[in-house]
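Examination of the molecular architecture
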Amino acid sequence: HFASGETSMEEQFGALEAENGIATITFAVISAVLKIGLLVAVGMKLELQGMLNGPKRKCLSALAMDVCLPCLLFSDVLPEAEGKLIAEGWQLLLLPPIYAAVGALIGVLCCLVAGTPTQHLGAA
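Description of the structure in this document.

Definitions and cut-offs
- Residues numbered from 1 in each chain as written.
- Predicted model: local features only at pLDDT ≥ 70, side-chain atom pairs only at ≥ 80, totals over all residues.
- Heavy atoms only, no water.
- Helix = DSSP H or I, 4+ residues; strand = E, 2+ residues; numbered from the N terminus.
- Contact = heavy atoms within 4.5 Å.
- Areas by Shrake-Rupley, 256 points an atom, 1.4 Å probe, with all protein chains shown as cover.
- Salt bridge = Lys/Arg side-chain N within 4 Å of Asp/Glu carboxyl O.
- Buried < 20%, exposed > 50% of the residue type's maximum accessible area, 1.4 Å probe, protein only.
- Expected span 1.5 Å × (residues − 1).
- Patch = residues over 30% accessible without salt bridge, like charges linked within 9 Å, V, L, I, M, F, W, Y side chains within 5 Å.

Quick look at the overall build of the chain
The number of helices and strands found in the chain is 4 helices and 0 strands. What you see in the chain, going N to C, is helices and strands ordered as α-α-α-α. Considering only intrachain contacts with a sequence separation of at least 6, the fraction spanning at least 24 residues in the chain is 83%. Total accessible area computed for the chain in this model is approximately 9700 Å², and 72% of it derives from carbon and sulfur atoms.

Re the pattern of salt bridges
Evaluated as defined, the whole model comprises 1 salt bridge. A salt bridge links arginine 57 to glutamate 47; the shortest N-O distance between them is 3.0 Å. Of this pair, arginine 57 sits in helix 2 (residues 54–77) while glutamate 47 sits in helix 1 (residues 9–48), and the two are 10 residues apart along the sequence. The class of arginine 57 is partly exposed, set by a relative accessible area of 39%. Given a relative accessible area of 34%, glutamate 47 falls into the partly exposed group.

Re helix 4 (residues 91–114)
Under the 1.5 Å per step criterion, the end-to-end length of helix 4 is 33 Å for 24 residues, consistent within 8% with the ideal 34 Å. Immediately downstream of helix 4, the backbone of glycine 115 shows phi near 75°, a positive value.

Re a nonpolar patch on the surface
Together, Trp90, Leu94, Leu95, Ile98, Tyr99, Val102 and Ile106 make up a nonpolar patch on the protein surface, roughly 670 Å² of accessible area in all. Along the chain, tyrosine 99 falls in helix 4. Exposure remark for tyrosine 99: the relative accessible area of 57% places this residue in the exposed category.

Here it is in structure tokens:
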């Protein structure tokens, strides 16, 4: 019956299992982002009360985005990840650095072709 296009119960269960794993990971990511949203709300309350100045604001912002968000994402998402999902999504680990490098190279080439003055290079 496999030749007729029907799928076996094992294949259907595997597909359902993968969808459930992705849904669990998605929920973990949303949960982590909501936690950061709570931290932002606390920062807004402190700002409205006048408790933050420039350096404190910059420090809290860096702490939230550069430390807390990655920690929350990895601590909530990694326990939910299965080897099968990682094996299927290995490209997500490899492709972003390649895209960034290609984008940077295209940007440099565009600057050279457009004749951007050297004092502007690296300003962004």
